[in-house]
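# Observations on chain architecture
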Amino acid sequence: MTSHVFTIPASTPFLPTLIEALVGGKLGVRLADDPLTLAATTLYLPTRRACRLMRDAFLDVLKTDAAILPRIVALGDIDEDEIAFAEAATGGLTADALALPPALGGLERRLLLTELVAKWASSPSLHGASGSPLVAQTPAAACALADDLARLIDDMTTRGVSWDRLDDLVPDMFDEYWQKTLRFLQIAREAWPRILAERDCLEPAKRRDALIKAEAARLARKTDGPVIAAGSTGSIPATAELIATIARLPHGAVVLPGLDTDLDEASWRLIAGDEGKGIAPAPGHPQFALQALLARIGINRDAVVKLADTTGREQLLSEALRPAATTELWQRHAADPEFGPRANAAMENISVIEAANAEEESLAIAVALREAVHQGKTAALVTPDRALARRVKAALARWKITAEDSGGEALAETSAGVFARLAAETALGKLAPVTLLALLKHPLLRLGVPHRDRAVATLERAVLRGPRPRPGSDGLAHALHTFRAQLEKHRGGQESDLHRSDPRIGLHDSELAEATEFVAALARALAPLEGIADQSHRLSDVAALHREVLAALSVRDGDEVAFAGPDGAKLADALDELATSKAAAALLVDTSDYVELFGAALADRVVRPPPRAGARVRILGTIEARLTDSDCVVLGGLVEGTWPPESRADGWLSRPMRLDLGLDLPERRVGLTAHDFTQLAGAEEVVLSHAAKLAGTPTVPSRFIQRLAAVAGKERWKAALARGESYLSWA
């Protein structure tokens with residue numbers, strides 16, 4: 001039987017190799033000379049970015065300016081129209097999929113869960129013997145717990161775990177806190193479906209899985225063209241089932257990213273654990289998801305066809321990251337006469353930067369990227385640390401090197417997001433001087449008045465550097481009026497509070513008049529938020545007033561600059577969604593809690609700049625970097641807690657509870673990032689970087705580079721450090 005499952009090693013460019021194999025007929029599906037045959041092919045890739053790169057790669061590989069491309073689809077973007085209009089009907093499953101209600105929106109879902117959690121947190125059972133609450137009761141804290149609850153719902157939906165399984169957990173076995181959360185979950189499992197039914201909506205994960213299953217059923221009946229799934233590890237069960245369906249199709253093929261074909265069979269089997277030997281599964285291993293996917297497909301690893309040969313780099317990484325239960329083989333393999341030459345070749349183009357701090361690390365990385373550009377190479381920085389990415393981007397900009405930063409920036413940290421927070425803090429905080437000055441000096445503040453910068457400087461000198469004015473706009477206007485009165489007395493030779501050495505006596509009447517006009521305009525702009533009473537209000541109402549304030553503060557020639565640009569548009573969408581949300585209309589919030597809740601509501605929104613054509617340097621997150629290739633790849637931020645990420649604690653279920661329910665443990669994220677590491681470390685030229693301290697706190701180097709150092713040996717690692725030291729000396 002011909003295998004329909006293939007793999008491309010990490011050291012081989014994935015997308016070009018995939019295209020060459022597809023066009024060359026190596027995937028078991030024959031493409032006729034007719035170009036329309038390629039158009040009948042369906043190609044599934046893991047991310048939208050990979051789909052965009054695939055379209056460009058087709059033109060490069062085919063060496064043409066135009067081509068009829070296959071249908072390229074991201075695995076999470078199943079097309080309902082394709083299911084609806086497929087000629088081969090798949091019966092009830094397709095009909096059910098097309099009748100699905102819409103998915104519940106992200107913000108609406110968060111707010112509904114926040115309201116549910118807030119009611120639970122304020123219940124008498126969540127107070128100690130002294131009456132103090134056991135759970136923080138601010139809306140922002142409830143929102144954080146709601147996010148944990150949403151992740152738990154997604155986990156249970158994705159893994160197909162029934163909520164009835166909660167009844168199998170024995171509360172007396174757990175701490176009192178977990179007993180309380182378990183009781184809440186048993187109540188929530190009944191309340192939440194009712195809330196969804198009232199709104200005629202579905203959980204996003206449930207709807208996604210239903211569409212993927214419908215697509216799998218449709219493909220099982222499809223006979224009019226090749227179907228290929230490539231680049232996915234199948235970490236989501238519904239996606240794994242779709243991939244398994246494609247692998248069984250006579251016209252289907254599956255191409256896996258970086259399957260480890262060098263690890264010995266005994267160690268390979270131990271990735272899934274061995275109950276007889278008391279060895280637990282290793283979800284932190286980079287091949288954990290791929291091994292489970294092969295088991296679902298029903299084939300052994302040796303049946304997978306390699307589309308390119310592996311190199312010493314893959315072999316070295318396989319050895320370094322082998323399961324912990326078999327690391328005693330390191331010494332035996334190191335004594336093998338063939339190991340030395342392979343390890344030398346694998347480590348030859350690897351440099352290691354051990355920086356003292358984050359600033360030194362970012363400069364050294366920027367130097368490495370600049371060197372690659374100078375040599376005419378393509379280069380990429382891959383890091384989950386957004387602070388490091390921003391530092392490197394700024395350092396490159398000093399040398400006029402433009403980098404495409406696809407990782408984006410959290411909306412709350414953009415110029416528009418900061419401006420929105422400062423405006424709310426200022427208005428609801430009664431114009432506290434520090435916050436007020438930060439707002440007044442923000443570049444998005446306009447107010448539609450002339451000489452704004454001069455008016456702000458005058459206002460600061462006149463009333464914001466001395467005793468604090470009375471609260472609110474009225475207090476600020478009163479302080480300025482009082483100062484002008486005292487200044488008039490001083491100039492007229494009358495008794496005044498101003499001393500002759502006071503530098504403020506040099507202010508001119510024209511400057512003070514501009515400041516007075518400015519304060520009046522500021523008061524009018526802040527009035528909608530400043531004028532609401534200190535009590536509970538509907539979140540939607542406060543958000544609408546907040547948007548009105550931002551528009552007034554940033555108006556210039558009729559344009560509202562706070563809502564211009566990618567970050568401004570994202571901010572406008574967020575405020576409009578809050579203002580029109582039914583859940584926000586039902587959620588009451590105190591004015592003192594609004595700013596914190598608003599920040600929590602923006603936490604999951606990311607502003608990504610448009611792609612830059614022709615950029616020689618790319619800055620990518622670990623997810624965006626999948627299936628990409630560059631001549632020089634810098635892996636930055638390789639410290640524990642960043643790469644791999646810190647294991648996130650579940651606010652609702654303890655580790656034993658998750659284990660009993662059959663949910664993923666936090667180490668699963670470590671396994672996914674380990675696979676990212678091995679894929680990216682297969683590049684032709686690799687720089688591994690980490691800082692000894694972050695924000696003054698000592699760090700622990702990533703387990704990935706610690707293992708690599710142990711296997712490579714002292715001399716080879718010392719040579720890699722020496723190569724990295726050259727970047728540090730230039731920095």
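None of the values given here were measured: they were computed from a predicted structure. (Residues numbered from 1 in each chain as written. Predicted model: local features only at pLDDT ≥ 70, side-chain atom pairs only at ≥ 80, totals over all residues. Heavy atoms only, no water.)

### Describing empty space enclosed by the protein
A water-sized probe, rolled over the atoms, reveals where empty space remains. Just so we agree on the cut-off: Throughout, the protein atoms alone are placed on a 1 Å grid, and a set of points is a cavity if a 1.4 Å probe fits but cannot get out or a pocket if it is open with protein on both sides within 12 Å along at least five of seven lines; lining residues have an atom within 4 Å of a point. Grid points are joined across faces, edges and corners, and a volume is the space filled by probe spheres set on the points. Strands here mean DSSP runs of E at least two residues long; helices mean DSSP runs of H or I at least four residues long; both are numbered from the N terminus.
Applying the stated criterion across every chain, the model contains 1 cavity of 30 Å³ or more. Size it by volume and the largest cavity reaches roughly 200 Å³. Looking at the largest cavity, it is lined by 20 residues, and the ones nearest its centre are Gly-258, Leu-259, Asp-260, Gln-287 and Glu-314. At the level of elements, strand E1 (5-8), helix H13 (312-320) and helix H28 (667-680) are the ones that each hand at least two residues to the lining of the largest cavity.

### Here's the deal with the environment of Gly-105
Operational definition: Buried residues are those whose accessible area, probed at 1.4 Å on protein chains only, stays under 20% of the maximum for their type, while exposed residues exceed 50% and partly exposed ones sit between those limits.
The residue Gly-105 is located in the loop between helix H5 (92-98) and helix H6 (106-121) in this model. Classification of Gly-105 as partly exposed rests on a relative accessible area of 33%. Each C-alpha atom, one on Gly-105 and one on Leu-202, is 9.5 Å from the other, the two residues being 97 residues apart in sequence.

### Description of the sheet that holds strand E6 (residues 305-306)
Which entries qualify depends on this criterion: A pair of strands is considered paired only if DSSP assigns at least 2 bridges between the two. A contact between two residues is defined here by any heavy atoms of the two lying within 4.5 Å. Between N-to-C directions, angles span 0 to 180 degrees; the directions come from axes that are lines fitted to C-alpha atoms, helices contributing only their stretch in contact.
A sheet is described by the order of its strands in space; here 6 strands give the open sequence E3-E2-E4-E5-E1-E6, paired in parallel fashion. Whereas interior strands pair on both sides, the edge strands pair on one side only; in this sheet they are strand E3 (71-74) and E6. Taken together, the 4 bridges between strand E4 (residues 227-230) and strand E5 (residues 252-257) define a ladder with parallel strand orientation. Across the sheet, residue Val-227 finds its bridge partner in E5, namely Gly-252. Along the sheet, helix H9 (residues 204-221) contacts strand E2 (42-45), E3 and E4; its crossing angle with E2, the most-contacted strand, is approximately 150 degrees. Along the sheet, helix H10 (residues 237-248) contacts E1, E2, E4 and E5; its crossing angle with E5, the most-contacted strand, is approximately 130 degrees.

### A short note on the layout of surface pockets
Cut-off, in case you're wondering: Three categories are distinguished: nonpolar for Ala, Val, Leu, Ile, Met, Phe, Trp, Tyr, Cys and Pro, charged for Asp, Glu, Lys and Arg, and polar for the others, with Gly belonging to the last.
Space inside the second largest pocket adds up to approximately 490 Å³. Around the second largest pocket, the lining is made up of 22 residues, and of these Pro-281, Pro-283, Phe-288, Asp-664 and Arg-668 lie nearest the centre. At the level of elements, H10, helix H12 (288-297), helix H27 (655-661) and H28 are the ones that each hand at least two residues to the lining of the second largest pocket. Here the lining of the second largest pocket gets 5 residues from one element, more than from any other, and that element is H12. Residues belonging to the lining of the second largest pocket are distributed by class as follows: 13 nonpolar, 3 polar and 6 charged.

### Some words on the pattern of salt bridges
Quick note on the threshold: In what follows, salt bridge is the name for a side-chain nitrogen of Lys or Arg lying within 4 Å of a carboxyl oxygen of Asp or Glu.
One pass over the structure, following the stated rule, counts 40 salt bridges. A salt bridge links Arg-301 to Glu-265, with the shortest nitrogen-to-oxygen separation between them at 3.0 Å. Residue Arg-301 is found in the loop between H12 and E6, and its partner Glu-265 is found in helix H11 (residues 265-270); the two are separated by 36 residues along the sequence.

### Considering the sheet that holds strand E9 (residues 403-405)
With parallel pairing, the 6 strands of this open sheet are ordered in space as E7-E18-E17-E8-E16-E9. Strand pairing shows two members of the sheet lacking a second neighbour, strand E7 (350-355) and E9, which therefore form its edges. The average angle at which neighbouring strand axes cross in this sheet is 15 degrees, direction not considered. Note that strand E8 (residues 379-382) and strand E16 (residues 617-620) share 4 bridges and pair parallel. Across the sheet, the residue bridging to Leu-381 is Ile-619, located in E16.

### A short note on the packing of aromatic side chains
What describes a pair of aromatic rings is the distance from one ring centre to the other and the angle between the planes of the rings. Short version of the rule: Aromatic pairing here means that ring centres of Phe, Tyr or Trp (its six-membered ring) are within 6.5 Å. Orientation follows from the plane angle: under 30 degrees is stacked, over 60 is edge-to-face, and everything else is tilted. Only Lys NZ and Arg CZ are tested; either one counts as a charge over a ring when it is within 6 Å of the ring centre and within 35 degrees of the ring normal.
Under the defined criterion, the tally for this structure stands at 7 aromatic pairs. Aromatic side chains Trp-120 and Trp-652 sit 5.0 Å apart centroid to centroid with 45 degrees between the ring planes, which places their arrangement in the tilted category. Within this pair, whereas Trp-120 is found in helix H6, its partner Trp-652 is found in the loop between strand E17 (632-635) and H27, the two being separated by 532 residues in sequence. The burial state of Trp-120 is the same as that of Trp-652; both residues are buried. On the basis of an interplanar angle of 75 degrees and a centroid distance of 5.9 Å, the ring pair of Tyr-727 and Trp-730 is categorised as edge-to-face. Residue Tyr-727 and its partner Trp-730 are located together in helix H30 (residues 714-730), separated by 3 residues, close to a single helical turn. We classify Tyr-727 as buried; its relative accessible area is 5%. What makes Trp-730 exposed here is its relative accessible area of 53%. An aromatic cluster is built from Trp-120, Phe-184 and Trp-652, whose rings are joined through pairwise contacts. Taking the ring centre of Trp-399 as reference, the NZ or CZ of Arg-370 above it sits at 4.7 Å. The side chain of Arg-547 reaches across the aromatic face of Phe-563, ending 4.4 Å from its centre.

### Some thoughts on the confidence of the model for the chain
The line we're drawing: How sure the predictor is of each residue is captured by pLDDT, a score from 0 to 100.
Across the chain, pLDDT averages 88, with 93% of residues at or above 70. Per-residue pLDDT stays below 50 along residues 80-95; that stretch engages in 22 contacts with residues further than four places along the chain or on separate chains.

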